Amino acid sequence: PLAGLDLLPDSLRKAYRDTLDVYNAGVWRATTTLCRVTLEAIVTDRAPEAAGALAERFTTLAGSPELGLPLATLARSLQSGGNLGAQFAETQQADSATAAALVSLLEYLLEYLYTLPAQVARLDQALGQRTEAAPAVKNAEG
């Protein structure tokens, strides 16, 4: 499971855990469905004002300066007829490879949007609290 689950909002943490539960049980169709539910929860948390289909909402989210290209790429994938968008269709047969890919996608997004920013903030705070100056670097001449 993803490190830093405590950094996720409660509803998103529950959606992610439900996704992992059905994935670990080998229920591929339910995994793909819950991946979509978790993606919806991410967009709702990060861009509550975004409207429209999931792909459109990710496009809105991708427009934020801090997220940029990775989410724009995901938004294109989620468009109807796109590679990932088809995986959520009721008529598509889900398999273990598809479910694993979608769970990986969720984990990448959760790390990118929640875990990494929190880790960087903690590092920034730790570096800012350092009181001792770094030792002077001596060059070869002196």
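(A) Local environment of helix H1 (residues 10-24). Along its 15 residues, H1 runs 21 Å from first to last C-alpha, staying within 8% of the 21 Å computed at 1.5 Å per residue. If you check which residues of H1 are buried, you get Leu-12, Arg-13, Ala-15, Tyr-16, Thr-19, Leu-20 and Val-22. In this structure, the buried side of H1 is in contact with helix H2 (28-46) and helix H5 (96-128). Just beyond H1, the residue with positive phi is Gly-26, at close to 80 degrees.

(B) Representation of the packing of H1 against H5 in the model. Contact geometry of H1 with H5 gives a least axis separation of 11 Å together with a crossing angle of 155 degrees. Classified by the angle between their axes, H1 and H5 sit roughly antiparallel to one another. With respect to the hand of their crossing, H1 and H5 are arranged in left-handed fashion. When H1 is examined against H5, the residues Leu-12, Tyr-16, Thr-19, Leu-20 and Tyr-23 are found in contact with a partner set consisting of Ser-96, Ala-99, Ala-100, Val-103, Leu-106, Glu-107, Leu-110 and Tyr-114. Residues that form the contact of H1 with H5 fall into these classes: 10 nonpolar, 2 polar and 1 charged.

(C) Molecular detail of the environment of Leu-110. Looking at the element boundaries, Leu-110 is found in helix H5. Assessed through its relative accessible area of 0%, Leu-110 is described here as buried. Sequence separation between Leu-110 and Ile-42 is 68 residues; the distance between their C-alpha atoms is 8.1 Å. When sequence neighbours within four positions are dropped, the list of residues in contact with Leu-110 reads Leu-2, Leu-8, Leu-12, Tyr-16, Ile-42 and Thr-115.

(D) The arrangement of the pattern of salt bridges in detail. Taken as a whole, this structure holds 4 salt bridges when the rule is applied. We note a salt bridge from Asp-18 to Lys-14, for which the minimum N-O separation is 3.0 Å. With a gap of 4 residues between them, Asp-18 and Lys-14 both fall in helix H1, about one helical turn apart. Accessibility expressed as a relative area gives 27% for Asp-18, which makes it partly exposed. According to the relative accessible area criterion, Lys-14 is exposed, its value standing at 53%. Among the salt bridges present, the one from Glu-40 reaches Arg-57, with a minimum N-O distance of 2.4 Å. Here Glu-40 is found in helix H2, whereas its partner Arg-57 is found in helix H3 (residues 54-62), with 17 residues between them in sequence.

(E) Molecular detail of the nonpolar core. Grouped together as the largest cluster of nonpolar side chains are 24 residues, with contacts concentrated most on Leu-8, Leu-12, Leu-39, Ile-42, Phe-58, Leu-109 and Leu-110. Counting residues per element, the ones that place at least two in this core are H1, H2, H3 and H5. Of all the elements, H5 adds the most residues to this core, at 8 residues.

Thresholds, definitions, all that
- Residues numbered from 1 in each chain as written.
- Predicted model: local features only at pLDDT ≥ 70, side-chain atom pairs only at ≥ 80, totals over all residues.
- Heavy atoms only, no water.
- Helix = DSSP H or I, 4+ residues; strand = E, 2+ residues; numbered from the N terminus.
- Expected span 1.5 Å × (residues − 1).
- Buried < 20%, exposed > 50% of the residue type's maximum accessible area, 1.4 Å probe, protein only.
- Contact = heavy atoms within 4.5 Å.
- Axes fitted to C-alpha atoms, helices over the stretch in contact; angles between N-to-C directions.
- Parallel < 35°, antiparallel > 145°, perpendicular 65-115°, else oblique.
- Left-handed = near helix turned anticlockwise from the far one by under 90°.
- Nonpolar A, V, L, I, M, F, W, Y, C, P; charged D, E, K, R; others polar.
- Salt bridge = Lys/Arg side-chain N within 4 Å of Asp/Glu carboxyl O.
- Core = buried A, V, L, I, M, F, W, Y, C linked by side-chain atoms within 4.5 Å.

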